[in-house]
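Architecture at a glance
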Amino acid sequence: MDRRSFLKSSSLVAGGLALNSFINQASAKTPTAQLPDAKHPLLLNFNENSLGMSPKAKDAIIAALPNSFRYPDDARAELITNIGSLYDLSDKHISIGNGSSETIQAAVAMLANKAKNQGINIQLVTPDPTFNYTELYSLPLGVQITKVPLKTDLSFDLEKMEQAANNFDGLSMIYICNPNNPTAMITPHSQLDGWMSKASDNQFFIVDEAYAEFVEDPNFISAIELVKKGQKNLIVTRTFSKIFALAGLRVGYGVAAPEVIAAVDEFLSIDNTNTAGAVAALASLKDKAFINHSLKSNNLSRKIVETALNELGLEYAPSQANFIFHKVNGDVKTYKQRMADANVMVGREFPPAVGWNRLTLGTPEEMEQFVTVLKEFHKKGWA
């Protein structure tokens, strides 16, 4: 079976049957999955959703093509309204970005400009390792970077992060990726709320919830709830790149108090949303069956990998996203290259978490192929 044909059909009914069929086959212990080859490599390195977009999103793009000579204002406005309604918030609470990364970039620029105008210092307090775009956007603006290593259990050291923010003479941006990338672990609401719920003019939270739709752990509560309570020193970013599988169309958004959104929007590119992305995102948001389908597929893929890692005695972090952070016996760079030689693209190492590899969860069929390769590697002492 071609790697991109599984679970990708013109109807969700067919897709659901394919998933059910695969579950039944897996439980019956079917023969070893076909190995990837040069024409059909496994792309498990960029946290993409191999299912592909919702069929309704595809239909929406096709229907919008005849009017693509028009600017996307109407489609963009409708998307903003629907995102606001999703959280029982107004349009003024929502900012649309060219991917959530642009919203993060605009928030950093807004805060750096604020510090400059006030003549005060500014720092970014960030866990290490984590998704590093906030750091990359901060560096050209002269923002001081304060990295706080993860604890030995790979959780955030929130006490030291808060201490770093409290001891700084100036404005502190605090970046929280929840679930975290690359560990796929959540930070429970009970641990975050005490710090984040404090109103402050000197501390501002950028909460990246790119993978929130995959989370099923009840200990996770979105920081959007703080926005709904009137909190003004934070922005929560989300994306259509992950569970909705629209990474190539670049649509993300921020949720914050209206005055925060207005300030952030001043640093966004004008007309930053294309028509195809806007209508696809809107259709995806409304397609609850596809969202559920995507979640179930991801959960099955995770189970396939976790079962293999348990069998091989390889440690892994508890995942609540569409990737798994797992230990590798030996040098990770060598492991990555050997996987590439076997036509399997896996993630890189994330120092200071040495010895760990980030693996994207593809379709269940893809993960069966990965497990076959991994077990061969283990026999050779390569993993």
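In this text the structure is predicted, and so the values were computed from the model without any measurement. (Residues numbered from 1 in each chain as written. Predicted model: local features only at pLDDT ≥ 70, side-chain atom pairs only at ≥ 80, totals over all residues. Heavy atoms only, no water.)

1. Observations regarding the pairing of strand β11 (residues 356-360)
Along any regular strand the residues' side chains alternate between the sheet's two faces. The element β11 is extensively covered by neighbouring structure, given that 5 of its 5 residues are classed as buried. Burial along β11 is two-sided: W356, R358 and T360 and N357 and L359, pointing in opposite directions, are all buried. Here 5 bridges tie strand β9 (residues 323-327) to β11, and the two strands are oriented antiparallel to one another. The residue bridging F323 from the neighbouring strand is T360, located in β11. (Buried < 20%, exposed > 50% of the residue type's maximum accessible area, 1.4 Å probe, protein only. Helix = DSSP H or I, 4+ residues; strand = E, 2+ residues; numbered from the N terminus. Pairing = 2+ DSSP bridges.)

2. With respect to the confidence of the model for the protein
Residues at a pLDDT of 70 or more form 91% of the protein, whose mean pLDDT is 92. Every residue in residues 1-18 is under pLDDT 50, and counting partners more than four places away or in other chains gives 40 contacts. Here residues 21-31 scores under 50 on pLDDT; set against residues more than four positions off or in separate chains, the count is 9 contacts. (pLDDT = per-residue confidence, 0-100. Contact = heavy atoms within 4.5 Å.)

3. A few points about the sheet that holds strand β3 (residues 121-128)
Within the open sheet, the 7 strands sit side by side as β2-β8-β7-β6-β5-β3-β4. Their pairing is mixed. This sheet does not close on itself; its edge strands, each paired only once, are β2 (94-97) and β4 (144-149). Averaged over all pairs of adjacent strands, the angle between their axes in this sheet comes to 20°, without regard to strand direction. Against the sheet, helix α7 (residues 189-196) contacts β5 (170-177), β6 (203-208) and β7 (234-239), and its axis sits at roughly 150° relative to β6. (Axes fitted to C-alpha atoms, helices over the stretch in contact; angles between N-to-C directions.)

4. Brief notes about the environment of L89
Counting through the fold element by element, L89 comes out in the loop between α3 (73-86) and β2. A relative accessible area of 14% means that L89 is categorised as buried. As for L89 and A257, which are separated by 168 residues in sequence, their C-alpha atoms are 9.6 Å apart. The contacts of L89, once residues within four sequence positions are left out, are G84, I224, V227, K228 and V255.

5. Things to note about the environment of T134
Secondary-structure assignment places T134 in helix α5 (residues 133-138). Look at T134 and you get buried, because its relative accessible area is 1%. In this structure the C-alpha to C-alpha distance between T134 and L124, which are 10 residues apart in sequence, comes to 8.2 Å. When near neighbours in sequence (up to four residues on either side) are disregarded, T134 contacts I104, V108, L124, Y175 and I206.

6. Details of the environment of N202
Positionally, N202 belongs in the loop between α7 and β6. Among the residues examined, N202 registers a relative accessible area of 45% and is labelled partly exposed. The spatial distance from the C-alpha of N202 to the C-alpha of G142 is 17 Å, given a sequence separation of 60 residues.

7. With respect to the pattern of salt bridges
Going through the model one piece at a time under the given rule, you end up with 10 salt bridges. We note a salt bridge from E162 to K198, for which the minimum N-O separation is 3.1 Å. Of this pair, E162 sits in helix α6 (residues 158-166) while K198 sits in the loop between α7 and β6, placing them 36 residues apart in sequence. One salt bridge connects R238 with E209, and the closest N-O pair in it is separated by 2.9 Å. Within this pair, whereas R238 is found in strand β7, its partner E209 is found in the loop between β6 and α8 (224-228), the two being separated by 29 residues in sequence. Here R238 matches E209 in class, with each residue buried. Each of E209, E213 and R238 takes part in a single network of salt bridges with overlapping partners. (Salt bridge = Lys/Arg side-chain N within 4 Å of Asp/Glu carboxyl O.)

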